[in-house]
Amino acid sequence: MDHKKMSKRTKRRLTIRGVLSALIILVLVRSIIMGSYENAFVCILSLVLFCVPIFLEKHLAIDIPPVMEGLIYCFIFAAEILGEINSFYTLIPGWDTMLHTLNGFLVAAVGFCLVDLFNRSERMTFRLSPLFLSIVAFCFSMTVGVLWEFFEFSMDQLLHTDMQKDFLVQSVNSVLLNPSGLNNVVREPITSLVVNGQDWMEFPGGYVDIGLIDTMKDLMVNFIGAVVFSIIGFFYVKTRGKGKIAASLIPVVLHEEEKKEEES
């Protein structure tokens, strides 16, 4: 690999990682001063996650494109620092949806990369079709999405958190409300709701869903992100790396000479 090109790529990575890491350290110091040790832990966790791409590159002998690596760093920063510590999940509508869509996209890229690396390995005795690689990437992304929703549900039940954000419901559609007992849906608007003596129609504004809507919404946008990358990956393998968009997102295996250049 050209040394100048490698130097440019390294500078871009160091800039993105360095700026975001500096911001995280500032938040970490502020959290410690304010005695918010939970936020401090989130900052430390974010810094540890920033080391994952470097660890994977060295141990798997791959080169993660700067665009892909930058997306990973921005995702971690947006989810942990902005989302959790600065409450963007509740202050900015659609923040959680945006991150889950990006998560579906990134995880599909990871799944695609892992299978594609095996597919191109000289030690493997089989070759997978572009369609099969795309399907595996899609399934991998959806599986990780489902496992994450399991994790959110478990935390809410065991530690009484609210990772599965609530939604307000103003009407109920149910066959149980049909007095005839027939399997016909009855739509019942919620016009009054009193809980512990408080009028919930005045505040918060309706029946509070316990997380089902949030879970299904997260899985749906994860599905969209996974489909988008699976299509990109399909054409990437079909044309074997000619697509610029896919090439900027999919890690490549380093040859021996390139490994030495990376290490030096």
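Remember, predicted model here, so these are calculated numbers, not experimental data. (Residues numbered from 1 in each chain as written. Predicted model: local features only at pLDDT ≥ 70, side-chain atom pairs only at ≥ 80, totals over all residues. Heavy atoms only, no water.)

Let us now look at the packing of helix α2 (residues 37-50) against helix α4 (residues 66-85). Where α2 contacts α4, the axes come no closer than 10 Å and their chain directions differ by 175 degrees. Of the possible angle classes, the one that applies to α2 and α4 is roughly antiparallel. Taken together, the residues of α4 that come into contact with α2 (itself represented by N39, V42, C43, S46, L49 and F50) are Y73, I76, E80, I81 and I85. Residue classes in the contact of α2 with α4 are distributed as eight nonpolar, two polar and one charged. (Axes fitted to C-alpha atoms, helices over the stretch in contact; angles between N-to-C directions. Helix = DSSP H or I, 4+ residues; strand = E, 2+ residues; numbered from the N terminus. Parallel < 35°, antiparallel > 145°, perpendicular 65-115°, else oblique. Contact = heavy atoms within 4.5 Å. Nonpolar A, V, L, I, M, F, W, Y, C, P; charged D, E, K, R; others polar.)

Moving on: the pattern of salt bridges. For the structure shown, the criterion picks out four salt bridges. Close ionic contact of R17 with E69 constitutes a salt bridge, the shortest N to O distance being 3.1 Å. With R17 in helix α1 (residues 3-33) and E69 in helix α4, this residue pair connects regions lying 52 residues apart in the sequence. Per residue, the accessibility class of R17 equals that of E69, and both read buried. Note that D218 is salt-bridged to K217, the shortest N-O span being 2.9 Å. Side by side, D218 and K217 carry an identical accessibility label, which is buried. (Salt bridge = Lys/Arg side-chain N within 4 Å of Asp/Glu carboxyl O. Buried < 20%, exposed > 50% of the residue type's maximum accessible area, 1.4 Å probe, protein only.)

The next point concerns the nonpolar core. In this structure, C43, M68, I81, F112 and F229 are the most contacted members of the largest nonpolar core, which totals 39 residues. Secondary structure elements with two or more residues in this core: α1, α2, α4, α6 (95-120), α7 (130-158) and α8 (212-238). Once you skip the residues sitting within four places of it in the chain, I81 turns out to touch I24, V27, C43, S46, I76 and N86. (Core = buried A, V, L, I, M, F, W, Y, C linked by side-chain atoms within 4.5 Å.)

Another aspect to go through is the packing of helix α3 (residues 52-60) against α4. Axis separation between α3 and α4 bottoms out at 10 Å; the angle between their running directions is 145 degrees. Residue-level inspection shows P53, I54 and E57 of α3 in contact with α4, the latter providing E69, I72 and Y73. Grouping the constituent residues of the contact of α3 with α4 by class yields four nonpolar, no polar and two charged.

Time to look at a nonpolar patch on the surface. Side chains of V52, F55, L56, L60, V110, L114 and F140 sit close together on the surface and give an oily, nonpolar patch of about 550 Å² of accessible area. Elements supplying a minimum of two residues to the nonpolar patch: α3 and α6. Sorting elements by how many residues they give to the nonpolar patch places α3 first, with four residues. Mapped onto the secondary structure, L114 falls in helix α6. Residue class for L114 comes out partly exposed when judged on its relative accessible area of 34%. (Patch = residues over 30% accessible without salt bridge, like charges linked within 9 Å, V, L, I, M, F, W, Y side chains within 5 Å. Areas by Shrake-Rupley, 256 points an atom, 1.4 Å probe, with all protein chains shown as cover.)

Residue P204 is bonded to the preceding F203 through a cis peptide linkage, with omega at 10 degrees. Take P204: it is sitting in the loop between β6 (198-199) and β7 (207-208). Although it is not a glycine, H160 sits at a positive phi angle of roughly 60 degrees. For H160, a relative accessible area of 69% gives the class exposed. A positive phi is found at N196, a non-glycine position, where the angle reads about 50 degrees. In this fold, N196 is placed in the loop between β5 (194-195) and β6. On the basis of relative accessible area, N196 is assigned to the exposed category, the value being 82%.

With that out of the way, let us pick up the packing of aromatic side chains. Inspection of every chain in the model, using the stated rule, returns eight aromatic pairs. Note on F50 and Y73: the rings are 4.9 Å apart at their centroids and 50 degrees apart in plane angle, and the pair reads as tilted. Pair noted here: F50 is in helix α2 and Y73 is in helix α4, with a separation of 23 residues, a long-range link. Of the aromatic side chains, those joined through ring pairs into one cluster are F105, F112, F229 and Y236. (Phe/Tyr/Trp six-rings, centres within 6.5 Å; stacked < 30°, edge-to-face > 60°.)

What follows concerns the environment of P251. Looking at where P251 falls in the secondary structure, it is placed in the loop between α9 (244-247) and β8 (252-253). Overall, the relative accessible area of 7% leaves P251 in the buried class. With 189 residues separating them along the chain, P251 and I62 place their C-alpha atoms 6.3 Å apart.

For the rest of this paragraph, the subject is the layout of surface pockets. Over the atoms, a rolling probe the size of a water molecule traces out where space has been left empty. In this structure, the largest pocket spans a volume of roughly 1400 Å³. Those elements giving two or more residues to the lining of the largest pocket turn out to be α2, α3, α4, α5 (88-91), α6, α7 and α8. The element that contributes the greatest number of residues to the lining of the largest pocket is α6, accounting for ten residues. By residue class, the composition of the lining of the largest pocket is 30 nonpolar, six polar and eight charged. (1 Å grid on protein atoms, 1.4 Å probe; cavity = no way out; pocket = protein on both sides within 12 Å on 5 of 7 lines; lining within 4 Å. Points joined across faces, edges and corners; volume = space filled by probe spheres on them.)

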